[in-house]
Protein chains: 2
Amino acid sequence: MANSKSGVKNQTALLAAGHWLILSVAINVGLLLKLIHDGNLRIDWYGQQNVQDNGGRHSSYAAERKPDGQIQNEYINLDHGDPTMYQSYWKQMGDRTDVVISGWQSVSYFSDTKTVCWFLEPGFANAVTRLHKLVGNAETGNRHIVVGTGSTQLFQAVLYALCPYDAPEPMSIVSAAPFYSSYPLITDCLKSGLYKWRGEVDDFNKEAPYIELVTSPNNPDGSIRGAVFNGSGQILVHDVAYYWPQYTPISSRADHDIMLFTLSKSTGHAGMRLGWALVKDEAIAKKMVKFVEISSIGVSKDSQVRAAKILDVISDSYEDSKASNESKRFFDYAQEEMAKRWSQLREVVNKGQAFSLPVLPAGECNFSHHTFATQPAFAWLKCEQVDDCESFLKTHKILTRGGVHFGSTKKYVRASLIGREEDYNEFIRRLSLINSGESP
Amino acid sequence: MANSKSGVKNQTALLAAGHWLILSVAINVGLLLKLIHDGNLRIDWYGQQNVQDNGGRHSSYAAERKPDGQIQNEYINLDHGDPTMYQSYWKQMGDRTDVVISGWQSVSYFSDTKTVCWFLEPGFANAVTRLHKLVGNAETGNRHIVVGTGSTQLFQAVLYALCPYDAPEPMSIVSAAPFYSSYPLITDCLKSGLYKWRGEVDDFNKEAPYIELVTSPNNPDGSIRGAVFNGSGQILVHDVAYYWPQYTPISSRADHDIMLFTLSKSTGHAGMRLGWALVKDEAIAKKMVKFVEISSIGVSKDSQVRAAKILDVISDSYEDSKASNESKRFFDYAQEEMAKRWSQLREVVNKGQAFSLPVLPAGECNFSHHTFATQPAFAWLKCEQVDDCESFLKTHKILTRGGVHFGSTKKYVRASLIGREEDYNEFIRRLSLINSGESP
C-alpha cells in the first residue's frame, strides 16, 4: 500500500487534472457565497492590492518611488498599519543594532527546555522583561512569557487555550465595536468548533464562559478601554499592542491575566513577525505553547535574537548615561514624531467641516513625565458630509479601511499614521485640499 | 461603552477570579475526555517532557552535558526529529554562512508586492529556485513559491486553500499508514468545519473531493510513495520534506501540483521555522498566501534572509570550483553521515533477533551519481519480541515515538537518526546490549 503504483499513474493524473477544475469552481462558489453572506468580514489585510496592481504603487517601497512630485498623482496606502515610520530612526542608529548570526545557529527546535515556553530564546525573554520594567507598562512578575509569530498567532493560541475541546457549543468571542478588523477574520477563518466570533452583541449567555477582547489603546479608535460586557462568565484577553509611551501616557503597570504585545507596534519591526504574551496562569500558558507547537513548532530564533538586541539597545539608552548622550532615545523620538503627526492632523481636520476625529484623554506619562493626550497609530476619521468615507477618500487616491470592517459604519475609516513621512505629508496635503473644497 | 468602568472593577475582578477556576476545571475535563476518546492523537510533539523533567535531560543541549561517560546513565531522546546532526557541519563552515542584519531591516510587513506571495523575500525565492535546479529534486518552472513558518504552517495553508468554506461537510483528509504523527493533530486541533482527519480509511466517498497526503520519502518509515486511494475526487498534496540527496537517491524532478519543503530537514535549520511550497495553480497559491496572512501576517524576514545565504553557499560550493575545494560540500557530508549511521544501525539490528527494519529501495542518484538505498532521517524500528516497543525502549532509557501515533501498532517505534553524534552512538550501544541480552 505504501509503494508507488506507477501502473495507474497516468489515469490518476487525468482524474486529478479534471478534479482541479471541479475544485477550483467549488472554491470560487464557496468564496462567492461567503462574500455574499458576510461580505463585511471578508476583507484583505493586504486589501487594496488590485488598486495598486492597476497603476497604483505600494507606499511601503522607497525603491519603487518615482521622482519627487510624482507622489501627488499616486495612491497613498494608509490601509495597513505598516510601521515604516520607524525605519528612518533605525537607520540613524547605524550599526548599533546590527546582529551577526552564524550558520550553525538556529539548528535545534529547542531554546530552553527548562521553561514552559521551550522555544523562547532566553535572551529575548530577558530583554522583554527588562524593557517592561524600564517603561513601566506591564507587570512581569509571576508571569510566563509565551513568544509567537506576531501577536496574531498568540491571539489564536489564547483562543485554543481558553476554549474547552469538548464543549457542546463554540465559545462566544466578543468585543465592543469598533474592534480590530482582523479579529473576526482570524476567529472564523477555519470555522472552528471551539469558538465563534460574535463581536458586539448582547444576545448571548453572560453566565456561561465567553471571551471578551479588550484592546487598549483601542485599534482602530485609540480609546482607553476596560471590559464592557461584565457577565459572570467573562474571561478577559487584553491586547495591549499600543500601550507604549509613543502612543499614550503610561498611567500604571498593566496587570491583567493575559496580555498580548507585538514588536510591530512597539519598535516598528513588523517584518520580524514577533509577539509575546504575558500570562499569569501556568495551565493557560502551557496550552498556548501547545498551540504554537502544533501550528508552527515554535517561532523563528533568528527574529528572537535580533529582537533581543534591539530591545536591549533601547533599554541601554535609558539606563546607561553614556549610551544616552549619543543620539535621540527611541521612545523620545517616537513620542515626538507621533505628537507632530497628530498635531498636523488635528490642525487640518479642524480647519474645515469635512472630517472629525475622536477626542482622546490626556494624562501624565509615568515614563516620560510629559502630559499629553493619546496619539494613536491610527486615525479613526469620520466623514461628516458623505456616507461612504472609504469610497470618498479613494476618489482622492487615499486608501483607508472602512468602518464596516471594524463593526462600525461607513461614515468612518481607519487611516494609518505610522507610514513613511512622504506619504504622511501627502495625506495631510490632500485632506487640506478636500477641506478647502479644492480638487486635490 | 468604550470607556473603562472602574466602578464595577472590583466586582468584575472577583467574578473573573472565580471564573478562572471554572474555566481551568472545564479545560481539564475537556482534555481528559479528549484523551480518553482518542488518546492516540493527543501526543506531545515535545512529548517526553515529564521524563526529562524528572531527572532526565534533553538531548538537544550540549550546554547541559555532564562529563564524558555520564551519558550512559541518562535518557537519550530520539522522539523528535531535531536535526542537531547538522550543527557540526555548519560549525566547520566557520563564518562563510554568517549574516549581518541591520536594525533598520525587517521593518515593513511587505517583501515584494509584485508577486503572489507578498511576504516572500526575493533573495530567498531565488536561492530556493537555484538549489532545486542544482539538485534536480523538484520542478520550479511555472510555479508559485509560498513561504511559511515551517512546512507545518504551509500544510494548514493547503487545507484552507483546498477546502471550500461553505461545503455541507468537512473535507476528508486521508493518508496511508504509517503517516506523520503531526498531521492528525494539526488537522483536528481546532475542530474545523472545513476539513477532518480520516487517516487510513476506506469508508469515505471517493467520488467527492478529498485530500490525500503523500509523503515521500515517508515519515516515519522512509518508503517511496505514490497516491494509494485513487478515487476520482482525489486532490494530492505532496510532502517532499525528505526528498533530498542525503536521504534518498534523486530519481527525477518531482513535478506535483502542490509540494511542501522545509529547511529543517534540508539544511538542518529547524530553529528558523521556514518552509516553502511549490504550487502550480495560482488560485490555490493565493488562498495559501491568504491563510499565512490571516494566521501570522507573513513569515520572519530575518529567517528568510539567513536561509537565502545558507542555500546560496551550498549552491556556490557545487557551482564554483574554487569554493568547492575549500571543504566538504553539504550534501556530500550529509549523504555520507546518513550512510554511516544507517550502516551502523543495520549492523547492530541484524546481529540479534530483537528488532527489524524496513527494506528500502536502492537506485542511482541523478545528483551525486552514487547508487544507494534510501537512508531516512528516522528509523522505523519493529520490536520482534515485545508488544509495546516504545515502553520497552523506555526501560532502556531510549525515548522514541510509538507506532500508534502514526496510525500503526505498538510493535513499531520511530527513532530519530539526525541527532547529535554522541546520542546516536549511545543509541547504537544500547541496541547492541539489548540484542546481546545484556542489561545496558
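Here the residue numbers are simple positions, counted from 1 along each chain's written sequence. The naming scheme follows written order: chains are lettered A onward, ligands numbered 1 onward. Local features in a predicted model are, by the rule used here, given only for residues with pLDDT of at least 70; side-chain atom pairs are given and counted only at 80 or more, and totals for whole chains, interfaces and linings are based on all residues. Derived side-chain values reflect all non-hydrogen atoms in the structure, with water molecules and hydrogen atoms excluded from consideration.

Chain A has the name L-tryptophan--pyruvate aminotransferase 1-like in an unreviewed UniProt entry, where Solanum pennellii is given as its organism. UniProt positions are given in the numbering used here, feature names are shortened, and annotations may be inferred rather than shown by experiment. Quoted verbatim from the Cofactor (unreviewed entry) field of the UniProt record, the comment on chain A reads "pyridoxal 5'-phosphate". Under the UniProt heading Sequence similarities (unreviewed entry), the entry covering chain A gives this text: "Belongs to the alliinase family."

A. Representation of the overall build of chain A within the structure. Summing up its helical and strand segments, chain A has 13 helices and 16 strands in all. A burial count over chain A gives 62% of its 440 residues as buried. What makes two residues a contact is simply this: any of their non-hydrogen atoms within 4.5 Å. Relative to all contacts within chain A whose residues are 6 or more apart in sequence, the contacts with residues 24 or more apart total 72%. Total accessible area computed for chain A in this model is approximately 16,100 Å², and 50% of it derives from carbon and sulfur atoms. Each helix is a run of H or I in the DSSP string that is no shorter than four residues. Each strand is a run of E no shorter than two, and both are numbered from the N terminus. In this scheme, a residue with accessible area under 20% of its type's maximum is buried, one over 50% is exposed, and one in between is partly exposed, where area comes from a 1.4 Å probe on protein chains only. Reported accessibility uses the Shrake-Rupley method at a 1.4 Å probe radius. Residues are deemed covered only where the shown protein chains occlude them.

B. Broad picture of the pattern of salt bridges. Residue and element names in this part refer to chain A. One side-chain nitrogen of Lys or Arg within 4 Å of one carboxyl oxygen of Asp or Glu is enough to make a salt bridge. Across all of its chains, the model carries 42 salt bridges over all chains by this definition. Among the ionic pairs, Lys206 bridges to Asp202, the shortest N-O distance being 3.3 Å. With a relative accessible area of 18%, Lys206 lands in the buried category. For Asp202, a relative accessible area of 60% corresponds to the exposed category.

C. Structural view of the sheet that holds strand β4 (residues 171-174) of chain B. All names here are of chain B. Pairing is mixed in the open sheet, where 7 strands are placed in the order β3-β9-β8-β7-β6-β4-β5. In this open sheet, the two edge strands, each paired with only one partner strand, are β3 (144-148) and β5 (195-199). Neighbour-to-neighbour, the strand axes of the sheet open up by a mean angle of 25°, direction not taken into account. Pairing between strand β8 (residues 258-262) and strand β9 (residues 275-279): 5 bridges, direction antiparallel. When the sheet's bridge partners are listed, Ile258 is paired in β9 with Val279. Only the stretch in contact is used when fitting a helix axis, every axis being a line fitted to C-alpha atoms; angles between N-to-C directions are given from 0 to 180 degrees. In the packing of helix α5 (residues 150-162) onto the sheet, contacts are made with β3, β4, β5, β6 (210-215), β7 (234-239), β8 and β9, and the angle to β8 comes to roughly 160°. Only strands that DSSP links by at least two bridges are regarded as paired with each other.

D. Fine view of the side chain of B:Ser266. With respect to the helices and strands, the residue B:Ser266 is situated in helix α7 (residues 263-266). Residues in contact with B:Ser266, not counting those within four places in the same chain, are B:Tyr86, B:Trp244, B:Gln246, B:Trp276 and B:Phe330.

E. Geometry of the nonpolar core. Residues enter a nonpolar core if they are buried and are Ala, Val, Leu, Ile, Met, Phe, Trp, Tyr or Cys, with the set joined through side-chain atoms within 4.5 Å. Of all hydrophobic cores here, the largest spans 236 residues; its most connected members are A:Leu345, A:Phe427, B:Leu345 and B:Phe427. Excluding residues that lie within four positions of it along the chain, A:Phe427 makes contacts with A:Ile76, A:Leu78, A:Leu345, A:Ile398, A:Ala415 and A:Leu417.

F. Quick look at the state of the cysteines. Residues and elements named next belong to chain A. Here, a disulfide means two cysteine sulfur atoms that sit within 2.5 Å of each other. Evaluated as defined, the whole model comprises 2 disulfides over all chains. One disulfide bridge connects Cys383 with Cys389, the sulfur atoms lying 2.2 Å from each other. Note on the Cys383 and Cys389 pair: the S-S dihedral is about 60°, so by sign convention the disulfide is right-handed. Overall, Cys389 belongs to the buried group, its relative accessible area being 0%.

G. Quick peek at the sheet that holds strand β4 (residues 171-174) of chain A. All names here are of chain A. The sheet built from 7 strands is open, its strands ordered β3-β9-β8-β7-β6-β4-β5 with mixed pairing. Where the open sheet ends on each side, the last strands, each with one partner, are β3 (144-148) and β5 (195-199). Within this sheet the neighbouring strands show an average axis-to-axis angle of 25°, counted without direction. Here 4 bridges tie β4 to β5, and the two strands are oriented parallel to one another. Paired with Ile173 across the strands is Trp197, a residue of β5.

H. Highlighting the confidence of the model for chain A. Residue and element names in this part refer to chain A. Confidence scores labelled pLDDT are given residue by residue by the predictor and lie between 0 and 100. Summing up the model confidence of chain A, the mean pLDDT is 87 and the portion of residues at 70 or higher is 82%. Segment residues 27-43: pLDDT under 50, and 25 contacts once partners within four positions in sequence are set aside and those in other chains are kept. A low-confidence stretch, residues 45-67 (pLDDT under 50), is modelled with 70 contacts involving residues beyond four sequence positions or located in other chains.

I. Summary view of the packing of aromatic side chains. Note on aromatic pairs: the rings of Phe, Tyr and Trp (six-membered ring only in Trp) are paired at centre separations within 6.5 Å, and the planes decide the class, stacked below 30 degrees, edge-to-face beyond 60, tilted for the rest. Here the structure, examined in full by the defined rule, presents 55 aromatic pairs over all chains. With centroids separated by 5.0 Å and ring planes inclined at 80°, the aromatic side chains of A:Tyr180 and A:Tyr183 adopt a geometry described as edge-to-face. Note on B:Tyr242 and B:Tyr247: the rings are 5.7 Å apart at their centroids and 70° apart in plane angle, and the pair reads as edge-to-face. Of the two residues, B:Tyr242 and B:Tyr247, neither departs from the other in class, the shared state being buried. The structure contains a cluster of three or more aromatic residues connected by ring pairs, namely A:Tyr86, A:Tyr89, A:Trp90, A:Phe124, A:Trp244, A:Phe261, A:Trp276, A:Tyr318, A:Phe330, A:Phe331, A:Tyr333 and A:Phe367. B:Lys397 extends its terminal NZ or CZ atom over the ring of B:Tyr75, reaching a point 5.7 Å from the ring centre. Criterion for a charge above a ring: Lys NZ or Arg CZ within 6 Å of the ring centre, and within 35 degrees of the ring normal. Its end group placed over the ring of B:Phe378, B:Arg414 keeps NZ or CZ at 3.7 Å from the ring centre.

J. Structural detail: the environment of B:Arg225. All names here are of chain B. As for its placement among the helices and strands, Arg225 is situated in the loop between β6 and β7. Overall, Arg225 belongs to the buried group, its relative accessible area being 8%. Put simply, Arg225 and Lys265 are 40 residues apart on the chain and 18 Å apart in space, counted from C-alpha to C-alpha. Within 3.5 Å is the distance limit for a polar contact, defined as a pair of N or O atoms, with the added protein rule that one can donate a hydrogen and the other accept it, and that residues adjacent in sequence qualify only through two side-chain atoms. In this structure the side chain of Arg225 is engaged in a polar contact, spanning 3.1 Å, whose partner is the backbone oxygen of Pro178.

K. Quick look at helix α11 (residues 330-350) of chain B. The end-to-end C-alpha separation of α11(B) is 30 Å, in line with the 30 Å expected for 21 residues at 1.5 Å each. Residues of α11(B) that are buried: B:Phe330, B:Phe331, B:Tyr333, B:Ala334, B:Gln335, B:Glu337, B:Met338, B:Arg341, B:Trp342, B:Leu345, B:Val348 and B:Val349. By definition here, a helix of n residues has an expected span of 1.5 Å times n minus one.

L. A look at the pairing of β8(B). Residues and elements named next belong to chain B. A large share of β8 lies buried, amounting to 5 of its 5 residues. Pairing geometry for β7 and β8, over 2 bridges, is parallel. Bridging across to β8, Asp239 finds its partner in Leu260.

M. Structural context of the side chain of B:Arg306. Its place among the elements puts B:Arg306 in helix α9 (residues 301-319). Exposure remark for B:Arg306: the relative accessible area of 0% places this residue in the buried category. Within polar-contact distance, the side chain of B:Arg306 engages the backbone oxygen of A:Gln105 at 3.3 Å. Not counting chain neighbours up to four residues away, the residues in contact with B:Arg306 comprise A:Ile101, A:Ser102, A:Gly103, A:Gln105, A:Ser106, A:Asp302, B:Val99, B:His269 and B:Met272.

N. How the structure looks around the packing of α5(B) against helix α8 (residues 282-296) of chain B. All names here are of chain B. For the pair α5 and α8, the least separation of the axes is 8 Å and the interaxial angle reads 120°. Between α5 and α8, the interaxial angle falls into the category oblique. The two elements α5 and α8 meet at a crossing, and its hand is right-handed. In contact with Gln153, Leu154, Gln156, Ala157, Val158, Tyr160, Ala161 and Leu162 of α5, α8 contributes Ile284, Lys287, Met288, Lys290, Phe291, Val292, Ile294, Ser295 and Ser296. Comment on the angle field: the value is read as roughly parallel under 35 degrees, roughly antiparallel over 145, roughly perpendicular from 65 to 115, and oblique elsewhere. Helix crossings get a hand from a simple test, with the near helix turned counterclockwise from the far one by less than a right angle marking a left-handed crossing and a clockwise turn marking a right-handed one.

O. Quick look at the packing of helix α4 (residues 122-135) of chain B against α9(B). Residues and elements named next belong to chain B. For the pair α4 and α9, interaxial distance at closest approach is 8 Å and the crossing angle is 30°. The pairing of α4 with α9 is recorded here as roughly parallel in orientation. Between α4 and α9 lies a crossing of left-handed hand. Seen from α4, the contacting residues are Gly123, Phe124, Ala127, Val128, Arg130, Leu131 and Leu134; seen from α9, they are Gln304, Ala307, Ala308, Leu311, Asp312, Ile314, Ser315, Asp316, Tyr318 and Glu319.

P. Structural context of the environment of A:Trp197. Residues and elements named next belong to chain A. Among the secondary structure elements, Trp197 is positioned in strand β5. Since its relative accessible area comes to 10%, Trp197 is described here as buried. Residues Trp197 and Val174, spaced 23 residues apart in sequence, show a C-alpha to C-alpha distance of 6.6 Å. Not counting residues within four places of it along the chain, the set of residues in contact with Trp197 comprises Ile173, Ser175, Phe179, Tyr183, Pro184, Thr187, Asp188 and Leu213.

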